[in-house]
Amino acid sequence: RGLSSAWAAALLVIYFVSAALSIGFWSRLIARLGPRRTWQIAMTVSIVAFSGAVFLGPGQAAAFGLICVVTGIALGAELTCPSLLIGQLIAARGHQGQAEGQYFGYWSLLNKLALAFAAGRAAEAASNQAAMATALPTSSPANSSELPAESAPPNHHRTWWVQVSLGGLLLRLLGWKVHRRAR
């Protein structure tokens with residue numbers, strides 16, 4: 001029915017360790033391409049990698065582990081680039097020593113809104129899955145085709161990851177748009 005808590009913890013560690021180990025790589029790429037282009041590349045990698053979760057089914061923890069490594073590596077850029085871009089924006093606008101708190105505060109707010117949206121969608125999806133599991137009959141017929149169509153659970157385990165990822169991405173892009181408009 002899902003990952004054990006040990007697997008889930010291991011995947012989170014893999015995700016964050018991948019991010020930490022990739023920061024040096026992203027720093028070198030920022031020096032070559034600049035923070036904006038580097039962040040665009042990282043977000044594209046993250047979107048493509050998270051999209052792969054749609055095709056995963058139960059028992060494919062190793063494949064999801066690979067997704068965690070790739071998206072963790074992309075997270076390294078996301079931890080590096082925005083702060084650098086905000087610092088550059090503050091300098092370009094001549095707001096050093098005046099408005100740093102506002103710039104970083106707005107960025108922090110956008111990050112927290114994205115997290116809240118994703119957590120809300122994840123909680124909703126988990127609640128829907130729990131409700132579906134309790135609504136299913138306890139004894140299953142010998143042939144699964146004997147289940148009436150309305151009692152068969154929809155395939156939500158694949159779509160909620162996409163909804164969470166796209167929701168977070170939408171809020172991140174909104175933040176990016178606000179940042180670009182401020183230039």
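Residues numbered from 1 in each chain as written. Predicted model: local features only at pLDDT ≥ 70, side-chain atom pairs only at ≥ 80, totals over all residues. Heavy atoms only, no water.

Caption draft 1: Just the overall build of the chain, in detail. Along its length, the chain carries 5 helices and 0 strands. When the helices and strands of the chain are placed in sequence order, the string is α-α-α-α-α. Counting only residues that meet the buried cut, the chain has 30% of its 183 residues in that class. Considering only residue pairs separated by 6 or more positions, the chain has 75% of its internal contacts joining residues 24 or more positions apart. (Helix = DSSP H or I, 4+ residues; strand = E, 2+ residues; numbered from the N terminus. Buried < 20%, exposed > 50% of the residue type's maximum accessible area, 1.4 Å probe, protein only. Contact = heavy atoms within 4.5 Å.)

Caption draft 2: Spatial organisation of the packing of helix α1 (residues 5-33) against helix α3 (residues 61-93). Orientation of α1 relative to α3, taken along the N-to-C sense of each, is 45 degrees, at an axis distance of 6 Å. Between α1 and α3, the interaxial angle falls into the category oblique. You can see that α1 and α3 cross each other, and the crossing is right-handed. In the contact of α1 with α3, the residues fall into 20 nonpolar, 8 polar and no charged. (Axes fitted to C-alpha atoms, helices over the stretch in contact; angles between N-to-C directions. Parallel < 35°, antiparallel > 145°, perpendicular 65-115°, else oblique. Left-handed = near helix turned anticlockwise from the far one by under 90°. Nonpolar A, V, L, I, M, F, W, Y, C, P; charged D, E, K, R; others polar.)

Caption draft 3: Broad picture of the packing of α1 against helix α2 (residues 35-51). Packing of α1 against α2 leaves a shortest axis separation of 7 Å and a crossing angle of 130 degrees. In terms of orientation, α1 and α2 fall into the oblique class. Crossing of α1 over α2 shows right-handed handedness. Contacts from W26, L29, I30 and L33 in α1 reach P35, R37, T38, I41 and A42 in α2.

Honestly, it's all geometry; don't read function into it.
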